[in-house]
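# Structure assessment
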Amino acid sequence: MVDFSLWDIVRNLLLAARWTVSLSLIAFIGGGLVGLLLLMLRLTKRPLAEAFVGAYVQLFQGVPLLVQLFLAYYGLGLFGIDTSAWVAAGMGLTLYTSAFLTEIWRGCVGAIPRGQWEASQSLALNFGEQLRYVILPQAVRIAIPPTVGFLVQVIKGTALASVIGFMELTKVGKTIANATLNPFLVFSCVALIYFLLCFPISRYAKSLERKLHVAR
Amino acid sequence: MRIQLDFMAVLAQWPLLLKGVAWTLALTAVAVVIGTLLGIACAWVRGRGFGDTLAPGWLKALVAGYVELIRNTPFIVQLFFIFFGLPAAGFRLSAETASVIAMVVNLGAYAAEIIRAGLEATPKGQIEAAASLALNRWQTFVRVVLPPALKKVWPGLVSQIIIVMLGSSVCGQISTQELSYAADLIQSRNFRSFESFIVVGAIYLLLSIAVRHALNGLAARFLFGRG
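Residues numbered from 1 in each chain as written. Chains lettered and ligands numbered in written order. Predicted model: local features only at pLDDT ≥ 70, side-chain atom pairs only at ≥ 80, totals over all residues.

Attention now moves to the overall build of chain A. Along the backbone of chain A there are eight helices and zero strands. Along the chain direction, N to C, the helices and strands of chain A fall in the order α-α-α-α-α-α-α-α. A total of 216 residues make up chain A; the buried ones form 39% of that total. If you take every contact in chain A between residues at least 6 apart in sequence, the share linking residues at least 24 apart comes to 75%. (Helix = DSSP H or I, 4+ residues; strand = E, 2+ residues; numbered from the N terminus. Buried ≥ 20, exposed ≤ 12 C-beta atoms within 10 Å, placed from the backbone. Contact = placed C-beta atoms within 7 Å.)

What follows is the structure, given as structure tokens:
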């Protein structure tokens with residue numbers, strides 16, 4: 001039995017937090033790219049594309065992230081792909097994030113008045129140009145606060161990757177709790193680290209939102 | 001390589017799945033009732049602009065701390081803290097009790113912020129009208145301010161309730177026998193892990209659609225009357 005001082009516990013947890021942050025960034029960036037693709041698909045207004053994206057969003061918002069991660073983990077293995085926890089967790093969280101981000105961004109694009117589309121159309125801009133020069137610059141401004149806010153959800157979501165054996169903050173916390181027989185202290189520290197990661201982002205998102213409302 | 005999926009092996013374990021659904025719905029139902037009440041209480045303490053609340057400063061600070069702490073930490077950590085951490089401090093809880101407490105505490109914090117938005121949107125005239133009818137603070141809050149506020153934020157609250165229901169899948173990790181625990185049990189019996197989680201995922205999807213419809217339609221009519 002190894003003796004853990006408080007500093008040993010905190011140091012190991014902080015080292016594990018690196019993987020929480022890395023996984024969050026992978027999921028957020030990957031999810032953002034896939035989400036953008038889905039948004040474009042939806043904006044083409046083709047019925048089939050819209051139905052597909054609608055079903056995709058419903059699927060990922062209606063099934064628990066935990067189950068999605070298990071599916072990614074076992075599913076990839078079934079197709080003969082070497083399932084490291086990194087691949088399964090990265091893929092699961094990317095798909096989950098993309099569904100939420102595409103839905104958030106759709107709302108932002110929807111908030112742009114129709115006249116903007118019509119005006120840019122009457123200037124003979126094609127669909128891509130309308131998006132690029134008229135719609136997206138305005139939509140991005142509205143989209144930033146909720147997108148930053150969703151980053152908090154992603155960070156909290158990575159905690160579930162612990163159940164498929166990904167050694168991030170929660171999993172390491174559980175391991176240390178078992179080793180030190182002091183779960184009260186360890187899980188308090190784990191919660192505190194998550195809080196220190198998430199709270200500043202929450203505050204920042206809120207301040208961005210306030211700024212946006214003042215500007216309008 | 002051909003992949004053969006065998007869903008019948010999973011569906012043959014339907015009693016386990018049914019039990020899981022029952023547990024998931026039961027946990028959610030208890031959490032929704034108590035969590036919403038907790039949310040209303042916290043929203044009352046924190047809110048501004050619907051008649052001055054009597055809550056002292058330290059209580060406001062306490063509630064603010066609770067809300068921010070819960071909203072900025074993962075549910076699974078809250079659950080582990082309650083189930084593994086609290087017994088070390090002298091509170092021994094069964095897995096089911098720990099799950100319900102975690103869900104109540106979690107929903108309470110989110111519901112507080114949602115309901116507060118509704119409370120703070122109360123027109124001033126409403127409160128003045130209530131005062132001119134000689135209603136006291138309690139009557140004003142319960143009969144004048146709260147019902148329209150709840151009605152206004154109900155769709156947002158329903159979304160949060162769905163999130164909490166889906167989040168309850170994590171409770172299987174501490175051996176509460178809800179739906180995802182059933183999936184784990186089934187795959188340990190027949191090694192059909194992928195199929196088990198597909199079936200359970202589909203059930204969660206149906207549950208979330210059904211619960212949303214039920215709460216937005218029937219419950220809204222029951223709670224708020226027509227229109």
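Further notes follow.
Within chain B, the secondary structure is distributed over nine helices and zero strands. Secondary structure elements of chain B occur, N-terminal to C-terminal, as α-α-α-α-α-α-α-α-α. Judged by the C-alpha coordinates and their principal axes, chain B covers about 75 × 45 × 30 Å. The proportion of buried residues among the 227 residues of chain B is 47%. Within chain B, contacts between residues at least 6 apart in sequence are counted, and of these 77% link residues at least 24 apart.

The interface is formed by 32 residues belonging to chain A together with 32 residues belonging to chain B. The dominant element in the side of chain A that touches chain B, judged by the number of residues it contributes, is helix H8 (residues 183–215) of chain A, at eleven residues. Here the side of chain A that touches chain B is built from residues that sort into 23 nonpolar, seven polar and two charged. (Nonpolar A, V, L, I, M, F, W, Y, C, P; charged D, E, K, R; others polar.)

Here the focus is the confidence of the model for chain B. For chain B, per-residue confidence averages 90 on the pLDDT scale, and residues scoring 70 or more make up 97% of the total. Here the prediction assigns the complex a pTM of 0.91, and the interface score ipTM is 0.90. (pLDDT = per-residue confidence, 0-100.)

What follows deals with the packing of helix H2 (residues 47–62) of chain A against helix H4 (residues 85–110) of chain A. Residues and elements named next belong to chain A. It is at 9 Å that the axes of H2 and H4 come closest, and there the two elements cross at 120°. By the angle between their directions, the pair H2 and H4 is classed as oblique. Crossing angle aside, the handedness with which H2 passes H4 is left-handed. Along the contact surface, H2 presents Val53, Tyr56, Val57, Phe60 and Gln61, while H4 presents Leu95, Tyr96, Ala99, Phe100, Thr102 and Glu103. (Axes fitted to C-alpha atoms, helices over the stretch in contact; angles between N-to-C directions. Parallel < 35°, antiparallel > 145°, perpendicular 65-115°, else oblique. Left-handed = near helix turned anticlockwise from the far one by under 90°.)

Another aspect to go through is the environment of Glu168 of chain A. Residues and elements named next belong to chain A. Mapped onto the secondary structure, Glu168 falls in the loop between helix H6 (127–158) and helix H7 (169–180). Look at Glu168 and you get buried, because 23 C-beta atoms sit within 10 Å. Counting along the chain gives 20 residues from Glu168 to Ser188, while the straight-line C-alpha distance between them is 16 Å. Sequence-distant contacts of Glu168, that is, excluding residues within four places in its chain, are made with Ala16, Trp19, Thr20, Leu23, Thr158, Ala161 and Ser162.

So, on to the packing of helix H3 (residues 65–78) of chain A against helix H9 (residues 193–224) of chain B. The packing of two helices is summarised by the inter-axis angle and the distance between the axes. It is at 9 Å that the axes of H3 of chain A and H9 of chain B come closest, and there the two elements cross at 150°. By the criterion of interaxial angle, the relationship of H3 of chain A to H9 of chain B is roughly antiparallel. The element H3 of chain A and its partner H9 of chain B pack so that their crossing is left-handed. Between H3 of chain A and H9 of chain B, the residues in contact are Val67, Phe70, Leu71, Tyr74, Gly75 and Leu78 of chain A and Ser193, Phe194, Phe197, Ile198, Val200, Gly201 and Tyr204 of chain B, respectively. For the contact of H3 of chain A with H9 of chain B, the per-class residue count stands at ten nonpolar, three polar and no charged.

This paragraph deals with the nonpolar core. If you look at the biggest cluster of nonpolar residues, it comprises 124 residues, and the most contacted ones within it are Leu69 and Val190 of chain A together with Leu79 of chain B. Counting residues per element, this core draws most heavily on helix H5 (residues 95–120) of chain B, at 14 residues. (Core = buried A, V, L, I, M, F, W, Y, C linked by C-beta atoms within 7 Å.)

Attention now moves to unusual backbone geometry. Residue and element names in this part refer to chain B. Located in the positive-phi region is Ala134, a residue other than glycine, with phi close to 65°. Within the secondary structure, Ala134 is located in the loop between helix H6 (124–132) and helix H7 (137–167). Exposure remark for Ala134: the 7 C-beta atoms within 10 Å place this residue in the exposed category. With phi around 60°, Phe191 is a residue other than glycine that occupies positive phi space. In this structure Phe191 comes out as exposed when scored by C-beta crowding, with 12 C-beta atoms within 10 Å.

A few words on the environment of Ala143 of chain A. Residue and element names in this part refer to chain A. Note that Ala143 resides in helix H6. Accessibility expressed as a C-beta count within 10 Å gives 19 for Ala143, which makes it partly exposed. Taking the C-alpha atoms as reference points, Ala143 and Ile104, separated by 39 residues in sequence, lie 7.5 Å from one another. If we ignore the near neighbours within four places in the chain, the residues touching Ala143 are Ile104, Trp105 and Cys108.

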